[in-house]
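Single-letter residue listing:
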Amino acid sequence: MGLLNMDYTSTFFGHNLLRPEAAPGRALIGNYQHLGLFDGQNLAILSPRGLIRRHDDATGLSVERTADANDPLVRRAIAYYEGQATTTVINCWHGTPRTPAAIPR
């Protein structure tokens, strides 16, 4: 919606980085297969089958390397996406939380 220059209500973390007044820093990125966390300098990418990559100096020379789940940036990426998934599943954003027994596993 931000690319279409339309106002919208987001239930996700962060802000529209395309706006001129956007502060630098964290960006959560995703497509149909990969999820990423950009911290303003480095980028962690979570992919299917447990593939984890990291781009150091992502806005510069961007050196890609394999990473593991113990990498602090990767741990933050996992926490953001798991937190959002949990919030969506229990429907907290809409004011009608479900009981833990009703959460699909």
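Provided above is the structure to which this section pertains.
A brief structural summary. Counting of residues starts from 1 at the beginning of each chain's written sequence and follows it residue by residue. For this predicted model, a pLDDT threshold of at least 70 governs which residues receive local features, and a threshold of 80 or more governs which side-chain atom pairs are given and counted, while totals over whole chains, interfaces and linings are taken from all residues. Hydrogens and water are ignored here; the side-chain numbers use all heavy atoms of the structure.

**So, the overall build of the protein chain**
So, point 1. On a plain count of helices and strands, the protein chain comes out with one helix and five strands.
So, point 2. Each helix and strand of the protein chain, ordered N terminal to C terminal, gives the series β-β-β-β-β-α.
So, point 3. Evaluated residue by residue, the protein chain yields a buried proportion of 26% over its 105 residues.
So, point 4. Computed with the Shrake-Rupley method and a 1.4 Å probe, the accessible areas treat only the protein chains shown as cover for residues. Within the structure as shown, the protein chain displays about 7600 Å² of accessible surface, and the carbon and sulfur contribution to it stands at 57%. Secondary structure elements follow DSSP: runs of H or I of four or more residues count as helices, runs of E of two or more count as strands, with numbering from the N terminus. In this scheme, a residue with accessible area under 20% of its type's maximum is buried, one over 50% is exposed, and one in between is partly exposed, where area comes from a 1.4 Å probe on protein chains only.

**Structural notes on the pairing of strand E2 (residues 35-38)**
So, point 1. In this sheet, E2 lies alongside strand E1 (residues 27-30) in antiparallel orientation, the contact comprising four bridges. By the bridge assignment for E2, Ala-27 is matched with Phe-38.
So, point 2. The pairing criterion for strands is at least two bridges between them, as found by DSSP. Between E1 and E2, which pair antiparallel one after the other, the connecting turn spans four residues.
So, point 3. Between E2 and strand E3 (residues 43-46), which pair antiparallel in sequence order, lie four residues; one of them, Gly-40, sits at a positive phi of approximately 105 degrees.

**Brief notes about the pairing of strand E5 (residues 63-66)**
So, point 1. Pairing of strand E4 (residues 52-56) with E5, which is carried by four bridges, proceeds in the antiparallel orientation. Note that in E5 the partner of Arg-53 across the bridge is Thr-66.
So, point 2. Following E4, the chain reverses through six residues before pairing antiparallel with E5; Asp-57 in that reversal takes a positive phi of roughly 55 degrees.

**Some details on the nonpolar core**
So, point 1. Core analysis: the biggest nonpolar cluster contains 11 residues, these being Leu-28, Leu-37, Ala-44, Leu-46, Ile-52, Ala-67, Leu-73, Val-74, Ala-77, Tyr-80 and Tyr-81.
So, point 2. Listing elements by their share of this core, those giving two or more residues are E3 and helix H1 (72-89).
So, point 3. Considering every element that reaches this core, the biggest residue donor is H1, with five residues. Only buried residues count toward a nonpolar core. Its members are Ala, Val, Leu, Ile, Met, Phe, Trp, Tyr and Cys residues joined through side-chain atoms within 4.5 Å.

**Let's talk about the pattern of salt bridges**
So, point 1. For this analysis, a salt bridge means a side-chain nitrogen from Lys or Arg found within 4 Å of a carboxyl oxygen belonging to Asp or Glu. Scanning the model with the defined rule gives five salt bridges in all.
So, point 2. Among the salt bridges present, the one from Glu-64 reaches Arg-53, with a minimum N-O distance of 3.6 Å. In this pair, Glu-64 is assigned in strand E5 and Arg-53 in strand E4, connecting sequence segments 11 residues apart.
So, point 3. By relative accessible area, which is 42% here, Glu-64 ends up partly exposed.
So, point 4. Residue Arg-65 is joined to Asp-56 by a salt bridge in which the shortest nitrogen-to-oxygen separation is 2.8 Å.
So, point 5. For Arg-65, a relative accessible area of 37% puts it in the partly exposed group.
So, point 6. Among the residues examined, Asp-56 registers a relative accessible area of 22% and is labelled partly exposed.
So, point 7. One continuous salt-bridge network, built from bridges that share partners, spans Arg-54, Asp-56, Arg-65 and Asp-71.

No statement about biological role is implied by the geometric values presented.
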